[in-house]
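Descriptive analysis of the structure
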Amino acid sequence: MRNHFFISLFIMLAGGAVQAQTPPVVLTLENTIALAVDSSLEAFRSKNVYMAQYWEYRAFRAGRLPSLTLNLTPGQYNRTIVKRYDSPSNLDIYRPQQTFEAYGGLSVVQNFDLLGGTFFLNTNLDYLRNFGDNTSTQYSSIPVRVGYQQNLVGYNAFKWEKKIEPLKYEKAKKQLVCDLENTAGLAASYFFSLAMAQAKYELAEENVRNTDTLYLIGEERYGIAAISLSELLTLKLDRINAVNTFRNADISLKRAMSALTSFLNMDSNTPVRLRLPSYPKSMEISAEKALDEARRNNPDLLGYRQNVLEMQQAVDRAGKEAMFNASISASVGFNKVAGSMSGVYRDPLRQDIISLNVSIPLVDWGVRRGRYNMARNNLNVTEITARQGEVKMEEDVIMTVGDFNMQKDQIAFAEEALVIADDAYARTQQRFIIGRADISALTLARQRQQEARSNYILALENYWVNYYKIRKLTLYDFEYNMPISTTVEWLVISD
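The notes below deal with the structure included here.

1. Here we look at the pairing of strand β7 (residues 325-338)
Taken together, the 10 bridges between strand β5 (residues 136-151) and β7 define a ladder with antiparallel strand orientation. Residue pairing across strands places V146 opposite V332, the latter belonging to β7. Pairing of β7 with strand β8 (residues 349-359), which is carried by 11 bridges, proceeds in the antiparallel orientation. Paired with A326 across the bridge in β8 is V358.

What follows is the structure in structure tokens.
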């Protein structure tokens, strides 16, 4: 059984050596986050969501400018039988008809945001050719026509778009920065998960060597009756458990490495070695400063403002639709009909059109009033939800800043505990070898060493994860005292 144990151990260690022949990629926390923000699928999704909203805003801005449209019907041939009234016989009769038509028109439209109306300028030319018994050719033109159409008491969509769309785009820009900071936080979590797995793997590997050495020493001491059989069996059990722990640590290491490489959009077979970040800089973040920056930059707050505006828009629309509707359209221009192309633009006639339309709901059984009341209630709910979300965000900022400010001391304590635990285990191991410590003391020292290493990595993880969470909540770089948006080159170039 002893030979089988050493053979199994040799195979495992040899397999690790074969894998180690491929040079591993060394990652620090800083370049891990840089890779995540640049190449991860999470960052790719965030940037494409932003680009969709960016082009939506561009479309809104374009809608505020004059639009020029060319409408053409180059040719339309009709050969049909139509019903016509014949006055001599006082009868409706069917007769064949053949026509060829062509149409062209050019129009310019400009929206007027203040009143919600639309100015228009257009010109067009029609051509009509009749075939059959009575052949004729006609041209009809509108050389120029200028007009304006306006809802008098109706809903003004342009006014609300002017309020909401810039806010939506500002939110989109801040949301991109927030999403990239969230990606950085996720990258930090994956980084420290792998760091913890690597630490446990290295500790398990060291335990395999130590427990094997201690078991050999135990056999020698048992041979001279320096330890009992139960203590020797305990050493043997420790050796077997160390091998099992090593195997589990190897599996956990591979899973953590695969999770990190997948998140970074790297080849899943790429071996990775991590270099833990240095001791954090002395940084104390003020809760008041963090709250001020969060209120100024957090995209969730902009989202709450957007939701309230959209509900106010719905109330305005429902209220206007509950009243009577009236609209006016007026235009002035020229038109002419002639039998030749040269005559269709000669001495055109004045064309004036004024139209007033009114729609008054008489009986709708309270449908419109009900829609208005529903919109009002939805607005009240949205305002309460916005306030609750703002309070929750402020609490999150305060708690996260408090946790972060305590983590630096936690790291110092964890580092001191790790140094003491390593030294205590080394001394206890030497004392056991010379017979001055028992198995229980050695096992306890090893457990404390493992716990100290885990606590140190966990303290580092909590520090950096909380740091990037604060950055995400406030969109502010407290190390350089500047908004993060000014450092996002991709956002600046796209904008």
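Next comes the rest of the write-up.
2. Comments concerning empty space enclosed by the protein
Inspection of the entire model under this criterion finds 1 cavity of 30 Å³ or more. T211, L214, L235, D238, I439, L442, T443 and R446 together form the lining of the largest cavity. When contributions to the lining of the largest cavity are tallied by element, the ones reaching two or more residues are α4 (157-223), α5 (229-263) and α9 (439-474). Considering each element in turn, the lining of the largest cavity owes the most residues, 4 residues, to α9. Residue composition of the lining of the largest cavity, by class: 4 nonpolar, 2 polar and 2 charged.

3. Quick look at the sheet that holds strand β2 (residues 67-86)
As summarised here, the arrangement of the 6 strands in space is β2-β3-β4-β5-β7-β8, forming an open sheet in which the pairing is antiparallel. Each edge of the open sheet is held by one strand with a lone partner, namely β2 and β8. Each neighbouring strand pair of the sheet contributes to a mean axis angle of 20 degrees, computed without reference to strand direction. Across 15 bridges, strand β3 (residues 91-112) lies against strand β4 (residues 117-131) in antiparallel orientation. The residue of β4 that forms the bridge with L106 is T123.

The rules behind the values
Residues numbered from 1 in each chain as written. Predicted model: local features only at pLDDT ≥ 70, side-chain atom pairs only at ≥ 80, totals over all residues. Heavy atoms only, no water. Pairing = 2+ DSSP bridges. Helix = DSSP H or I, 4+ residues; strand = E, 2+ residues; numbered from the N terminus. 1 Å grid on protein atoms, 1.4 Å probe; cavity = no way out; pocket = protein on both sides within 12 Å on 5 of 7 lines; lining within 4 Å. Points joined across faces, edges and corners; volume = space filled by probe spheres on them. Nonpolar A, V, L, I, M, F, W, Y, C, P; charged D, E, K, R; others polar. Axes fitted to C-alpha atoms, helices over the stretch in contact; angles between N-to-C directions.

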